[in-house]
Amino acid sequence: MNTTAGKYIGINQRVPFKVLDQGILSYLQTDVVNREELKEYLREFTKGENRVSKAANYANAILTKPTTALKTIKQNLNADTYLRLSEKERKALVLSLVALTYPIAYDLLVALATGFKVQSQINKKFISQKMSAIYGSNRTLDIALDALLPMLIELGAIQRAKMSIYELAPHSVLQASILTELFIYTDIRLSGSKSILLQELTTRPWYEYYSVEYKKEIHNKLLTFSEARIGGGYISIS
């Protein structure tokens, strides 16, 4: 699903957090992602078999395509430890998987964060203009935004102030090392960089939504740290 600008979008329907949350739990319990099970979860939120089937495809992709991230999650979390994470932490994990599967979600969050740095509320027109500059102005993009904005609200990144007006949701800090690494890994990979400076963890747009407590001595195979004289050192993808 490419736009006239040649950028891949890939998603045009909301996938509820509860479906993805349950899907991750099932994956940790059984080591498989069951598409038919996902469809059963989706029937609680989505009407019509065609829409259910389409949403199941998106959910299945989110739970299978980011293979490096999912492998690392599996190595560091089991069903019990996943359930002990707060809902906010599980939403941050899901947010990373959504962005890794559909990078338009990352581009959207970066565009929003850029706007939030200069004003507390952003309207839909601003969002459409920012995203059209990347993806071109077309109906495919409009449909994708209509799917993604409710997902970002549900995942705790933004909140709706009123109709077509958005603002940042209350800020949270990620402390669990696996969540911190996953969140940083997502930013580095989707920004097209190979590494970022340690000091950038407080300035890059991605961290407007969740701050991270990065411990350079603890790694779960997603990141490496290199000492440097500038910026506190470099964080790189393994």
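Further up the page is the structure itself.
Rules used in this analysis
Residues numbered from 1 in each chain as written. Predicted model: local features only at pLDDT ≥ 70, side-chain atom pairs only at ≥ 80, totals over all residues. Heavy atoms only, no water. Pairing = 2+ DSSP bridges. Helix = DSSP H or I, 4+ residues; strand = E, 2+ residues; numbered from the N terminus. Axes fitted to C-alpha atoms, helices over the stretch in contact; angles between N-to-C directions. Contact = heavy atoms within 4.5 Å. Phe/Tyr/Trp six-rings, centres within 6.5 Å; stacked < 30°, edge-to-face > 60°. Buried < 20%, exposed > 50% of the residue type's maximum accessible area, 1.4 Å probe, protein only. Expected span 1.5 Å × (residues − 1).

1. Re the sheet that holds strand β3 (residues 165–168)
Part 1 of the argument: Pairing is antiparallel in the open sheet, where three strands are placed in the order β1-β3-β2. This sheet does not close on itself; its edge strands, each paired only once, are β1 (121–123) and β2 (158–162). Within the sheet, the average angular offset between the axes of one strand and its neighbour, ignoring direction, is 40 degrees.
Part 2 of the argument: Across four bridges, β2 lies against β3 in antiparallel orientation. What sits directly across from Gln159, in β3, is Glu167.
Part 3 of the argument: Its contacts with the sheet put helix α7 (residues 104–116) on β1, β2 and β3, and the angle it makes with β1 is roughly 125 degrees.

2. Section: the packing of aromatic side chains
Part 1 of the argument: Per the stated rule, a full pass over the model turns up six aromatic pairs.
Part 2 of the argument: Judged by centre distance (6.1 Å) and plane angle (85 degrees), the ring pair of Tyr58 and Tyr102 falls under edge-to-face. With Tyr58 in helix α3 (residues 49–62) and Tyr102 in the loop between α6 (87–101) and α7, this pair connects stretches of sequence that are 44 residues apart. Each member of the pair, Tyr58 together with Tyr102, is buried.
Part 3 of the argument: Following the ring pairs from residue to residue traces out a cluster consisting of Tyr106, Phe183, Trp206, Tyr207 and Tyr210.

3. Let's talk about helix α1 (residues 17–30)
Part 1 of the argument: The end-to-end C-alpha distance of α1, which contains 14 residues, comes to 20 Å, matching closely the 20 Å that a straight helix rising 1.5 Å per residue would cover.
Part 2 of the argument: Listed in full, the buried residues belonging to α1 are Phe17, Val19, Leu20, Asp21, Gly23, Ile24, Leu25, Ser26, Tyr27 and Leu28.
Part 3 of the argument: Next to the buried residues of α1 lie α2 (35–42), α3, α4 (67–76), α5 (79–84), α6 and α9 (139–154).
Part 4 of the argument: At the exit of α1 stands Asp31, carrying a positive phi of roughly 70 degrees.

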